[in-house]
Amino acid sequence: MTATTGASYDVAIIGGGHNGLVCAAYAAMAGLKVAVLERRDVVGGAAVTEEFFPGFRNSVAAYTVSLLNPKVVRDLDLAGHGLKIVERELANFLPLADGRYLKVGGEHTRQEVAKFSSRDAERLDGYHARLQTVTDVLRELVLTTPPNMVEGGALAALSELLKTGRLANRMRRLAPDERRELLELFTASAGDYLDGWFDSAPIKAAYGFDGIVGHYASPYAAGSAYVLLHHCFGEVNGRKGVWGHAIGGMGAITQAMAKAAAAHGADIRLGFAAREVVVENGRATGVASATGEVVRARAVVANVNPKLLYRDLIDAAVLPAGFRERIARYRCGSGTFRMNVALAELPDFTVLPGRERAGHHTAGIIIAPSLAYMEQAYFDARASGWSRRPIVELVIPSTLDPSLAPPGRHVASLFCQHVAPTLPDGSSWDDQRERVADLMIATVDAHAPNFSRAVLGRQIFTPLDLERTFGLVGGDIFHGALDLGQLFSARPMLGYASYRGPIAGLYMCGAGTHPGGGVTGAPGHNAARELVRDFRRGRLRRA
Ligand SMILES: Cc1cc2nc3c(=O)[nH]c(=O)nc-3n(C[C@H](O)[C@H](O)[C@H](O)COP(=O)(O)OP(=O)(O)OC[C@H]3O[C@@H](n4cnc5c(N)ncnc54)[C@H](O)[C@@H]3O)c2cc1C
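Described below are features of the structure shown in this document.

The rules behind the values
Residues numbered from 1 in each chain as written. Predicted model: local features only at pLDDT ≥ 70, side-chain atom pairs only at ≥ 80, totals over all residues. Heavy atoms only, no water. Helix = DSSP H or I, 4+ residues; strand = E, 2+ residues; numbered from the N terminus. Rg over C-alpha atoms; globule rule 2.2 N^0.38 Å. Buried < 20%, exposed > 50% of the residue type's maximum accessible area, 1.4 Å probe, protein only. Contact = heavy atoms within 4.5 Å. Areas by Shrake-Rupley, 256 points an atom, 1.4 Å probe, with all protein chains shown as cover. Lys, Arg positive; Asp, Glu negative; His and termini not counted. Charge placed at Lys NZ, Arg CZ, Asp CG, Glu CD. Pairing = 2+ DSSP bridges. Patch = residues over 30% accessible without salt bridge, like charges linked within 9 Å, V, L, I, M, F, W, Y side chains within 5 Å. Salt bridge = Lys/Arg side-chain N within 4 Å of Asp/Glu carboxyl O. Near = heavy atom within 4 Å. Polar contact = N/O pair within 3.5 Å; in protein donor to acceptor, adjacent residues only side chain to side chain. Nonpolar A, V, L, I, M, F, W, Y, C, P; charged D, E, K, R; others polar. Phe/Tyr/Trp six-rings, centres within 6.5 Å; stacked < 30°, edge-to-face > 60°. Lys NZ or Arg CZ within 6 Å of the ring centre and 35° of its normal. Expected span 1.5 Å × (residues − 1).

1. Structural notes on the overall build of the protein chain
What the protein chain contains, in helices and strands, is 17 helices and 20 strands. For the protein chain, whose C-alpha radius of gyration is 23 Å, the value lies close to the compact-globule estimate of 24 Å for 543 residues. Considering the protein chain as a whole, with its 543 residues, one finds that 60% of them fall into the buried category. Within the protein chain, contacts between residues at least 6 apart in sequence are counted, and of these 73% link residues at least 24 apart. Of the roughly 20,800 Å² that the protein chain leaves accessible, carbon and sulfur atoms contribute 52%. The protein chain carries 59 positive and 54 negative side-chain charges, and their two centres are separated by 6 Å.

Given below as structure tokens:
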């Protein structure tokens, strides 16, 4: 039994993740009547702040900000809606087993790296300059709709040809050496790329961590250099490549986005679990909820992972057979294990003692001393589900934002990489979660022996929990691997890179579209542009 709600919308968006909200805000700003339909009782998707232990709040999934596009920040007036972002005092801190440590970021990086290799210290500026040239190209592409593979005659292909021409023109502005660098960064492994620049292990680990974040592969897997690059195209308050913290946590970003969308008239519905996209006469005409309610709309936009959309929310019979087969092969699975802990006190690192807040407590604290360690963690996870020497990044946001914890107390995020998305022995993550959580805490304890004693409460997200809670297929934090075969014109699939799905009136606006994952707002921005264009050109008619 289904009931159609009275209101009929121009646009119904499935999912109130940050991209759904951005898409809603832009569509509403263009005068369209928009509904956001979110399954959970809070908007934000993976970018939320929640109380996970009495009195302790944290960004429970995504935890650090850089990639959020400055145009989105401006257009939606996120600052006016309460968003404030601060920089970390130090980018990264790597405690090492031999009693040394590396601090990265700020004016002392060169001196710090020189402790391990004076040649590496001299090469830092060159490395950053090269990376910057290529990330500048990426930055220019982030808010564009990639050239799309189209069927039909020359006319249909013309606009795509023009886009390709513009792209080629941009590449021509690069010097030959820069083009070689770009090719390398798009195809090589992060490990090979970094080995080409540096000799000492800790600096390669500090930079190489970005090449394995959310990317379930060895740092020596081809294509992982792109993942490294993907983590470098952001900025904080105009400072390129820097990572920071949103005061109030990542939820402050999405709450500001929701306010912006609502201020322009978008309706945001919580607790609306979409069960199916309604398709009539080959067109998407609405969204049916799990309780049988139908929200009618001229266009349906999916903020969810494309695999989830086409596998679970659309009748297979209305999809082209070839499309169905290929989207079933869309690769998802991040290898991420995520914990939030409430702390009685700050970790006291053996290599840099002190429980009083210091610069290194504000950093991304990486427990993974080398690329070889990361590679081994991946091999171990492939063989047995996780490594006994896992990769952990510890971030303590309450050092920058005391509002998250009671006075004198702290909250920390543990972002652990390279656990198997599904366990190789066929057991469930539900049976292993506590054990693996203990291992992650013990891994920090090995460097800061007061850590486990300081833990007052903990929240655990295995890959299975990430899927159940946030709808992230295989726990994939990016809505699909950032492999060359799933990027740019091929995201989520060749022929569907224009944010339009294979059914008339169906659009995609989530991280499974260009430019991919991270809290960027870019897919939502780009999808809204295409959607609004289709209304303006009369391909879609207003409700
Ligand atoms: C553990 C973790 C750590 C991360 N760390 C960072 C970080 O520090 N910095 C960063 O930039 N990025 C980070 N990311 C990546 C980033 O958070 C995501 O790529 C990004 O949030 C994706 O945004 P989205 O709006 O496209 O999708 P999502 O945030 O996944 O939102 C999709 C929305 O759809 C809803 N939904 C699902 N199914 C239905 C349904 N049937 N009906 C209605 N609604 C539905 C979901 O509840 C959700 O709200 C992290 C992600 C994770 C999981």
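2. Observations concerning the pairing of strand S6 (residues 92–95)
Of the two faces of S6, the one carrying Asn92 and Leu94 and the one carrying Phe93 and Pro95 are both buried. Two elements, S6 and strand S7 (residues 101–104), share four bridges in a ladder whose sense is antiparallel. Within S7, the position partnered with leucine 94 by the bridge is leucine 102.

3. Overview of the pairing of strand S12 (residues 274–280)
In this sheet, strand S13 (residues 283–289) lies alongside S12 in antiparallel orientation, the contact comprising six bridges. Paired with glutamate 280 across the two strands is arginine 283, which belongs to S13. Where S12 hands over to S13, the hairpin turn is made up of two residues, of which asparagine 281 adopts a positive phi near 50°.

4. So, a nonpolar patch on the surface
Among the surface-exposed residues, Leu155, Leu158, Leu161 and Leu162 lie close enough to one another that they form a single nonpolar patch of about 460 Å² accessible area. Tracing the chain through its elements places leucine 162 in helix H5 (residues 154–172).

5. Regarding the site of the ligand
Surrounding the ligand, one finds 34 residues, the nearest of these being Glu38, Thr64, Ile477, His479 and Val519. Measuring from an oxygen atom of the ligand, one finds a side-chain N or O atom of asparagine 303 at 3.1 Å. The residue makeup of the shell around the ligand, split by class, is 17 nonpolar, 13 polar and four charged.

6. Digging into the packing of aromatic side chains
Under the definition given, this model contains 17 aromatic pairs. Aromatic side chains phenylalanine 53 and phenylalanine 56 sit 5.8 Å apart centroid to centroid with 50° between the ring planes, which places their arrangement in the tilted category. Each ring, one from tyrosine 216 and one from tyrosine 378, has its centre 5.0 Å from the other, and the planes form 75°; the classification is edge-to-face. Here tyrosine 378 lies in helix H13 (residues 371–384) and tyrosine 216 lies in the loop between helix H8 (201–212) and helix H9 (224–230), a separation of 162 residues in the sequence. The class for tyrosine 216 is buried, based on a relative accessible area of 17%. Directly above the aromatic system of tyrosine 9 lies the positively charged group of lysine 33, at a separation of 5.2 Å from the ring centroid.

7. Examining the environment of glycine 214
Considering the arrangement of structural elements, one finds glycine 214 in the loop between H8 and H9. Separated by 262 residues in the primary sequence, glycine 214 and aspartate 476 place their C-alpha atoms 7.0 Å from one another. Apart from the residues lying within four places of it in its own chain, the contact partners of glycine 214 are Ser334, Thr336, Gln417, Ile477 and Phe478.

8. Topic: H8
Compared with an ideal rise of 1.5 Å per residue, which puts twelve residues at 16 Å, H8 spans 16 Å between its outermost C-alpha atoms and is within 8% of the ideal. With eleven of twelve residues buried, H8 lies mostly within the body of the structure. All of the buried residues in H8 are Pro202, Ile203, Lys204, Ala205, Ala206, Tyr207, Gly208, Phe209, Asp210, Gly211 and Ile212. Count one or two residues on from H8 and you reach glycine 214, which has phi positive near 70°.

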